[in-house]
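# Residue-level structural notes
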Amino acid sequence: MKIAVLPGDGIGPEIVAQAAKVLGALRSDGLKIELEYAHIGGAGYDAAGDPLPDATLKLAQDSDAVLLGAVGGYQYDTLARPLRPEQGLLRIRKALGLFANLRPAMVYPELVDASSLKPELVSGLDIMILRELTGDIYFGQPRGIRTLENGERQGFDTMLYSESEIRRIAHVGFQIAMKRAGKNGQAKVCSVDKANVLDTSILWREIVGDVAKQYPAVALSHMYVDNAAMQLIRAPKQFDVILTGNIFGDILSDEASMLTGSIGMLPSASLDANNKGLYEPCHGSAPDIAGKDIANPLATILSVAMMMRYTFAREDIAQKIETAVRSTLQQGLRTGDIAEAGKQRIGTEAMGDAVVQAL
Ligand code: NAD
């Protein structure tokens, strides 16, 4: 298992160090894990004048998987756009062809009070938002701002999905649902679109339905995106895998992350056509708390669990990591972001050590 490790900026190095400890512990369990480090984001700019240095991209291309911390920092806000840290992230996703973005939203019973929803609505929640990441209105051409004959300016974008793009993300959705069915019973995919208004969505719905015929064990339903936004708040546990396009997924995955109430707990994966992936926490570089040993490393550690599941097909190791995280929570260990007022808090390092201990 060759893993490129890109800590990035802000809290990135601290949280990635904890995930590396977990990988180190798995190595002493007999897994052949090779880690190689490189710079990305502001750290890439500082080291090589580029948020995605050539050496970093080459390492990522030569590795089986990439573990990333986060990028961004106030000191880079005045750089020209191509040099900004987030460009490193956008470019590496594109260069690696990462079209499938997986964002689980889980609520551990121990943290149920962190959600702004009633405990009975979210306790035990475990859903997966699968967002197509390289198409849709975010990339469609033409786009721009033009001046009309009457002198008024007009902004325009183009929503596009080709049949092959829909087909490949749909396959990922059905396959994930089948993998998850072992844990949750019936395999379910809810495809989210706006087929009552958009032609792009009419094609999306047709193709997803066609791909579904190859997965008879998976129950497919369709939902309009406005209803899905409402249902995620009304009764989120009705979902298992939500399959959707880039713009709808962008919005719904942020909504779903807030069901859990704790950004420091949420991992993510972005996969290519061969399940090679980039794994990172959903949160950013949190410059306000960087270097203070207070960031929550669990989202990054849980991203390693996703890496074991999706790139290395080691469900056993993925569950081992997730069980260890759960066990630290059951012991009452909390970083500041998930601690109840007045309760004891532990630091980033101590949380990493506790997970390693629980493995
Ligand atoms: P953020 O996610 O970094 O932080 C939002 C809030 O959550 C902050 O108060 C922060 O302290 C807290 N937080 C985030 N992660 C935490 C953790 N693991 N433990 C405890 N608390 C945590 O978002 P932001 O403040 O909007 O952005 C900060 C920088 O991160 C910006 O430069 C932004 O561009 C960048 N960013 C990067 C990514 C990424 O690398 N994928 C994603 C979002 C934002």
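Residues numbered from 1 in each chain as written. Predicted model: local features only at pLDDT ≥ 70, side-chain atom pairs only at ≥ 80, totals over all residues.

## Some points on the overall build of the protein chain
Of regular secondary structure, the protein chain possesses 12 helices and 12 strands. The C-alpha atoms of the protein chain give 20 Å as radius of gyration, which agrees with the globular expectation for 359 residues (21 Å, within 12%). Viewed in the frame of its principal axes, the protein chain has a C-alpha envelope of about 60 × 50 × 40 Å. Burial status across the protein chain gives 44% buried among its 359 residues. Partitioning the intrachain contacts of the protein chain with sequence separation of at least 6 by distance along the chain shows that 73% fall at a separation of at least 24. (Helix = DSSP H or I, 4+ residues; strand = E, 2+ residues; numbered from the N terminus. Rg over C-alpha atoms; globule rule 2.2 N^0.38 Å. Buried ≥ 20, exposed ≤ 12 C-beta atoms within 10 Å, placed from the backbone. Contact = placed C-beta atoms within 7 Å.)

## Here's the deal with the UniProt feature "site: Important for catalysis" (unreviewed entry) in the protein chain
The UniProt record marks Tyr138 and Lys194 with the feature "site: Important for catalysis" (unreviewed entry), using the residue numbering of this structure. As for its position among the elements, Tyr138 is in the loop between strand S5 (126-132) and strand S6 (144-147). Here Lys194 is to be found in the loop between strand S8 (187-193) and helix H7 (199-212). Excluding residues within four positions of it along the chain, Lys194 makes contact with Ser201, Tyr224 and Val225. (UniProt positions renumbered as here; feature names shortened; annotations may be inferred.)

## Structural notes on unusual backbone geometry
Across the junction of Gln141 and Pro142, the peptide omega takes the value 0°, indicating a cis bond. Checked against the element boundaries, Pro142 lands in the loop between S5 and S6. Its identity as a non-glycine residue notwithstanding, Asn275 has a phi of 65°, on the positive side. In this structure, Asn275 sits in the loop between strand S11 (267-271) and strand S12 (277-281). Judged by the 17 C-beta atoms lying within 10 Å of it, Asn275 is partly exposed. Even without glycine at this site, Ala313 takes up a positive phi of about 50°. Checked against the element boundaries, Ala313 lands in the loop between helix H10 (298-310) and helix H11 (315-330). Of the residues examined, Ala313 has 12 C-beta atoms within 10 Å and is grouped as exposed.

## Remarks on the nonpolar core
Most often, soluble globular proteins have nonpolar side chains that are buried together. Ranked by internal contacts, the top residues of the largest apolar core, which has 94 residues, are Leu67, Leu130, Ile242, Tyr279 and Val304. Residue contributions to this core reach at least three from each of two domains, namely domain 1 (1-101 + 263-359) and domain 2 (116-260). If we ignore the near neighbours within four places in the chain, the residues touching Val304 are Ala19, Val22, Leu23, Leu67, Tyr279 and Ile321. (Core = buried A, V, L, I, M, F, W, Y, C linked by C-beta atoms within 7 Å. Domains from an automatic or database assignment.)

## Some thoughts on the sheet that holds strand S1 (residues 2-8)
Pairing is mixed in the open sheet, where 10 strands are placed in the order S2-S1-S3-S12-S11-S4-S5-S10-S8-S9. Looking along the sheet, the strands with just one partner apiece sit at the ends: strand S2 (34-37) and strand S9 (218-224). When the angles between neighbouring strand axes are averaged without regard to direction, this sheet yields 20°. Relative to S12, S11 runs antiparallel, the two sharing 5 bridges. Within S12, the residue paired with Ser270 across the bridge is Leu278. (Pairing = 2+ DSSP bridges. Axes fitted to C-alpha atoms, helices over the stretch in contact; angles between N-to-C directions.)

## Here's the deal with the pairing of S6
As judged from the 4 bridges shared by S6 and strand S7 (residues 153-156), these two strands associate in the antiparallel manner. When the bridges of S7 are listed, Ile145 appears paired with Gly155. As consecutive antiparallel partners, S6 and S7 are separated by 5 residues, and within that stretch Gly151 has a phi angle of approximately 90°, a positive value.

## Let's talk about the domain arrangement of the protein chain
Per the domain assignment, the segments making up the protein chain are domain 1 (1-101 + 263-359) and domain 2 (116-260). Domain 1 and domain 2 are separated by 25 Å when their C-alpha centres are compared. Contacts between the two partners involve 13 residues from domain 1, matched on the other side by 11 residues from domain 2. Of all the secondary-structure elements, those providing two or more residues to the side of domain 1 that touches domain 2 are helix H4 (85-95), strand S4 (100-106) and S11. Partitioned by chemical class, the residues of the side of domain 1 that touches domain 2 number 9 nonpolar, 2 polar and 2 charged. (Nonpolar A, V, L, I, M, F, W, Y, C, P; charged D, E, K, R; others polar.)

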